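Below are the chains, spelled out letter by letter.
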Amino acid sequence: QVQLVESGGGLVQAGGSLRLSCAASGRTFSGYTMGWFRQPPGKEREFVVAITWSGGSTSTADSVKGRFTISRDNAKNTVFLQMNSLKLEDTAVYYCAASTATLRRNPSSYNNWGQGTQVTVSS
């Protein structure tokens, strides 16, 4: 079992940037694919981006491609989500998740979740 804690959310103007962090503890971190998901108000949770345990491959949702970047530091048991050129529609609760499967986009493939961090983009 991996415990995950997100941080870095907040209020930002459209066009701005935020960097989310997800700190992991518990079982070894390096063997997991790590993903970021988000849940906009009144909508279902959706895939954002994922990275393999080595960091060598990523998978990115079309809605954020070219704006969001995932990275990880296995030595620090931390995964990051750099969000640039933020849009109003990026407003959501962002969740970090861990999976033993490789680069899946389905939330059901992830069995370890953080508590979420709110990102609000204003005009």
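Residues numbered from 1 in each chain as written. Predicted model: local features only at pLDDT ≥ 70, side-chain atom pairs only at ≥ 80, totals over all residues. Heavy atoms only, no water.

Right, let's get into the sheet that holds strand β1 (residues 2–7). An order of β1-β3-β8-β7 is seen for the four strands of this open sheet, with the pairing classed as antiparallel. Looking along the sheet, the strands with just one partner apiece sit at the ends: β1 and β7 (68–73). Within the sheet, the average angular offset between the axes of one strand and its neighbour, ignoring direction, is 20°. As defined by bridge partners, β1 adjoins strand β3 (residues 18–26) across six bridges and the pair is classed as antiparallel. Residue pairing across strands places glutamine 3 opposite serine 25, the latter belonging to β3. (Pairing = 2+ DSSP bridges. Helix = DSSP H or I, 4+ residues; strand = E, 2+ residues; numbered from the N terminus. Axes fitted to C-alpha atoms, helices over the stretch in contact; angles between N-to-C directions.)

The subject of this paragraph is the state of the cysteines. Inspection of the entire model under this criterion finds one disulfide. At a sulfur-sulfur separation of 2.1 Å, the disulfide partner of cysteine 22 is cysteine 96. Taking the sign of the torsion about the S-S bond as the criterion, the disulfide between cysteine 22 and cysteine 96, at about -80°, is left-handed. One end of the pair, cysteine 22, is in strand β3; the other, cysteine 96, is in strand β9 (residues 92–99), with 74 residues separating them in the sequence. You'll find cysteine 22 and cysteine 96 in the same group, each marked buried. (Disulfide = S-S within 2.5 Å. Buried < 20%, exposed > 50% of the residue type's maximum accessible area, 1.4 Å probe, protein only.)

Along the chain, serine 59 turns up in strand β6 (residues 58–60). Residue serine 59 is classed as buried on the basis of its relative accessible area of 12%. Polar side-chain contacts of serine 59 include one of 2.9 Å to the side chain of arginine 105. Contact partners of serine 59, with chain neighbours within four places excluded, come to Phe47, Val48, Val49, Ala50, Leu103 and Arg105. (Polar contact = N/O pair within 3.5 Å; in protein donor to acceptor, adjacent residues only side chain to side chain. Contact = heavy atoms within 4.5 Å.)

As a further point, take the pairing of β9. Counting buried positions over the eight residues of β9 gives seven, a clear majority of the element. Where strand β4 (residues 33–39) meets β9, seven bridges bridge the pair, whose relative direction is antiparallel. What sits directly across from arginine 38, in β9, is tyrosine 94. As paired strands, β9 and strand β11 (residues 117–122) are joined by three bridges and run antiparallel to one another.

This next bit is on the pattern of salt bridges. Overall, the coordinates contain four salt bridges when judged by the stated rule. A salt bridge links arginine 38 to glutamate 46; its shortest N-O distance comes to 2.6 Å. The partner of aspartate 90 in a salt bridge is arginine 67, with the nearest N and O atoms 2.7 Å apart. Here aspartate 90, found in the loop between β8 (78–83) and β9, pairs with arginine 67, found in the loop between β6 and β7; they are 23 residues apart in sequence, far enough to count as distant. Across the pair, exposure class does not vary: aspartate 90 and arginine 67 are buried alike. Ionic contacts of the salt-bridge type, sharing partners, join the residues Arg38, Glu46, Arg67 and Asp90 into one network. (Salt bridge = Lys/Arg side-chain N within 4 Å of Asp/Glu carboxyl O.)

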